[in-house]
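# Descriptive analysis of the structure
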Amino acid sequence: MTAAVGLVAALAGCTPAGEQASSEVDPEIAAEIDAALAEITGQVLSTGPNGEEPEAVDVTEVTDEQAAQVAELGLTAAIVMHYGGNDWANAQIDGLNAEFERLGIDVIATTDADFDPATQVSQIETVLTQDPDIIVSIPTDPVATAAAYKRAAEQGVKLVFMDNVPDGFQAGRDYVSMVSADNYGNGVTSAYLLARALGGEGQIGIIYHEADFFVTKQRYEGFKDTITAEFPGIEIVQEQGIAGPDFAGDAQGVANAMLTKNADLDGIWAVWDVPAEGVMAAARETGRTDIKIATEDLGLNVAIALAKDQMIVGLGAQLPYDQGVAEADLAALSILGEDVPAYVALSSLPVDHENVLEAWKTVYRSDPPASVTDAYVD
């Protein structure tokens, strides 16, 4: 019996779903959940957008000799983001810029569509007038942006995608590869961390991303599948989607309504760190700072909350800097004529209060800022 399957038996005697969770966490239950987390850590549970099995990131490495060959080609690249300004996007861009510099590839444009497909289509068209050799991008909408990306492919641009692939595209024909975190695994990780904080019982709400967006669907499915299958004492009493672009504000409004409607709500899951910031704001506004919140992505504000041991109880972190490096390398290898995998994924990193400072170093390749280290309480 695996650790995960054993959770069902271990939790069978918990308080029935719908009753208020105890503030005390049973050490035996916590140990079972820790064992399940340890079992999945380092694995990739997701498959790609067309069902591809994931390849490990080490297959994307460009040697110094290959980098020198690429540098002689005088290549250019553009980075076309879905939206920017958040810690995840900044880290992706940092990783891309650092690796493109190592490869001698000039980055001629970096765009931010503010999660608007029409804006992104216009930005792609503008970028194409500069005749880049490479575009690394994350589509805001797989259908609405497909024609613009198709024009890029027909122009001979090497396309590498983050997290999402345009509708109808095939790796090796229309694009080079897609790089992602293990988003299903991130959902599973956050489910275990929230369940541990709740002692395996209580009522929770879910705030998901209401869009046709591959990876946010995966993390929602990973979270809900795990809670439903492994934790009979946890009841999902309400679910609500948010579409953005004001993800923090939208999540705050939804969380306010959830907390008002469900006086006994014990926890809320938010689809990534920016919506989780909105949940924290709602909890403060409603006087429910005892609420337990789980999410994905180690952004600054949720890292501070983890350091303080307040509200945020855990998250599944991506490795966006490393993902950016891999995306640049895949483009370079493709230009050199090397075979590359269709789907590369990096495993989920579980983060809680205990390891938040070390996790920051892993995620961002830098020491945590003073705002995080100064907030840390033993």
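The structure under discussion appears in the preceding block.
Residues numbered from 1 in each chain as written. Predicted model: local features only at pLDDT ≥ 70, side-chain atom pairs only at ≥ 80, totals over all residues. Heavy atoms only, no water.

### Description of the overall build of the chain
- Along the chain, the regular secondary structure elements total 14 helices and twelve strands.
- Against the compact-globule benchmark of 21 Å for 378 residues, the chain has a radius of gyration of 21 Å, which places it among compact chains.
- Projected onto its principal axes, the C-alpha coordinates of the chain cover approximately 65 × 40 × 40 Å.
- For the chain, with 378 residues in total, the buried portion stands at 56%.
- Pairs at least 24 apart in sequence give 76% of the contacts found in the chain among residues at least 6 apart.
- A total accessible area of about 14500 Å² is found for the chain, and carbon and sulfur atoms account for 46% of it.
- Taken together, the 16 basic and 62 acidic charged side chains of the chain have centroids lying 4 Å from each other. (Helix = DSSP H or I, 4+ residues; strand = E, 2+ residues; numbered from the N terminus. Rg over C-alpha atoms; globule rule 2.2 N^0.38 Å. Buried < 20%, exposed > 50% of the residue type's maximum accessible area, 1.4 Å probe, protein only. Contact = heavy atoms within 4.5 Å. Areas by Shrake-Rupley, 256 points an atom, 1.4 Å probe, with all protein chains shown as cover. Lys, Arg positive; Asp, Glu negative; His and termini not counted. Charge placed at Lys NZ, Arg CZ, Asp CG, Glu CD.)

### Remarks on the sheet that holds strand E4 (residues 158-162)
- If you trace the six strands from one edge of the open sheet to the other, you get E2-E1-E3-E4-E5-E11, paired in parallel fashion. Of all the strands in the sheet, the pair left with one neighbour each is strand E2 (106-112) and strand E11 (343-346). This sheet shows a mean twist of 15 degrees between the axes of neighbouring strands, independent of strand direction. (Pairing = 2+ DSSP bridges. Axes fitted to C-alpha atoms, helices over the stretch in contact; angles between N-to-C directions.)

### Comments concerning the packing of aromatic side chains
- Applying the stated criterion across every chain yields a total of twelve aromatic pairs.
- Between Phe161 and Phe169 the ring centres are 6.2 Å apart and the planes differ by 75 degrees, which places this aromatic pair in the edge-to-face class. Assigned by exposure class, Phe161 and Phe169 land together as buried.
- Here Phe161 and Tyr175 contribute two aromatic rings whose centre-to-centre distance is 5.4 Å and whose plane-to-plane angle is 65 degrees, an arrangement assigned as edge-to-face. Note that Phe161 is positioned in strand E4 and Tyr175 in the loop between E4 and strand E5 (177-181), a separation of 14 residues in sequence.
- According to the relative accessible area criterion, Tyr175 is buried, its value standing at 3%. (Phe/Tyr/Trp six-rings, centres within 6.5 Å; stacked < 30°, edge-to-face > 60°.)

### Digging into the environment of Ser371
- If you trace the backbone, Ser371 turns up in helix H14 (residues 370-373).
- Assessed through its relative accessible area of 35%, Ser371 is described here as partly exposed.
- The spatial distance from the C-alpha of Ser371 to the C-alpha of Ile304 is 6.9 Å, given a sequence separation of 67 residues.

### Things to note about the pairing of strand E9 (residues 292-296)
- For E9, the tally of buried residues reaches four of five residues, placing the bulk of the element in the interior.
- Bridging between strand E8 (residues 267-270) and E9 involves three bridges; their strand directions are parallel. Bridge pairing links Gly267 to Lys292 in E9.
- Crossover connection from E8 via helix H10 (residues 273-285) to parallel E9: handedness right-handed.
- Bridge count for E9 against strand E10 (residues 312-317) is four bridges, and the pairing is parallel. Opposite Ala294, over in E10, you have Gly314 as the bridge partner. (Right-handed = clockwise from strand over helix to strand, strands pointing away.)

### Topic: helix H7 (residues 183-198)
- Taking 1.5 Å of rise per residue, the 16 residues of H7 would be expected to cover 22 Å, and the 23 Å separating its terminal C-alpha atoms lies within 8% of that figure.
- Burial runs high along H7: 15 of the 16 residues are buried.
- Its side-chain oxygen at 2.9 Å from the backbone nitrogen of Gly185, Asp182 defines the N-terminal cap of H7.
- Just past H7, the residue Gly199 takes up positive phi, approximately 65 degrees. (Expected span 1.5 Å × (residues − 1). Polar contact = N/O pair within 3.5 Å; in protein donor to acceptor, adjacent residues only side chain to side chain.)

### Quick look at unusual backbone geometry
- The step from Gly244 to Pro245 runs through a cis peptide bond, and the omega angle for that step is 10 degrees.
- Inspection of the secondary structure puts Pro245 in the loop between strand E7 (234-242) and helix H9 (247-261).
- One non-glycine residue, Asp114, adopts positive backbone phi at about 50 degrees.
- Topologically, Asp114 is positioned in the loop between E2 and helix H5 (117-128).
- Despite not being glycine, Asp297 has its phi angle at roughly 80 degrees, a positive value.
- You can see Asp297 is positioned in the loop between E9 and helix H11 (300-308).

### Here we look at the packing of helix H2 (residues 27-40) against H7
- Running from N to C, H2 and H7 cross one another at 165 degrees; their axes reach a closest spacing of 9 Å. Judged by the inter-axis angle, H2 sits roughly antiparallel to H7. Where H2 crosses over H7, the two elements pack in a sense that is left-handed. From H2, Ala30, Ile33, Asp34, Ala36, Leu37 and Ile40 reach across to H7, where they touch Val188, Thr189, Tyr192, Leu193, Ala195 and Arg196. (Parallel < 35°, antiparallel > 145°, perpendicular 65-115°, else oblique. Left-handed = near helix turned anticlockwise from the far one by under 90°.)

### A word on the pairing of strand E3 (residues 134-137)
- Residues Ile134 and Val136 point to one face of E3 and Ile135 and Ser137 to the other, with burial holding for every one of them.
- Strand direction decides the pairing type here: strand E1 (residues 76-81) and E3, joined by four bridges, are parallel. Looking at the pairing, Ala78 lines up with Ile135 of E3.
- Relative to E4, E3 runs parallel, the two sharing four bridges. When the bridges of E4 are listed, Val136 appears paired with Val160.
- Running through helix H6 (residues 146-154), the crossover from E3 to the neighbouring parallel element E4 is right-handed.

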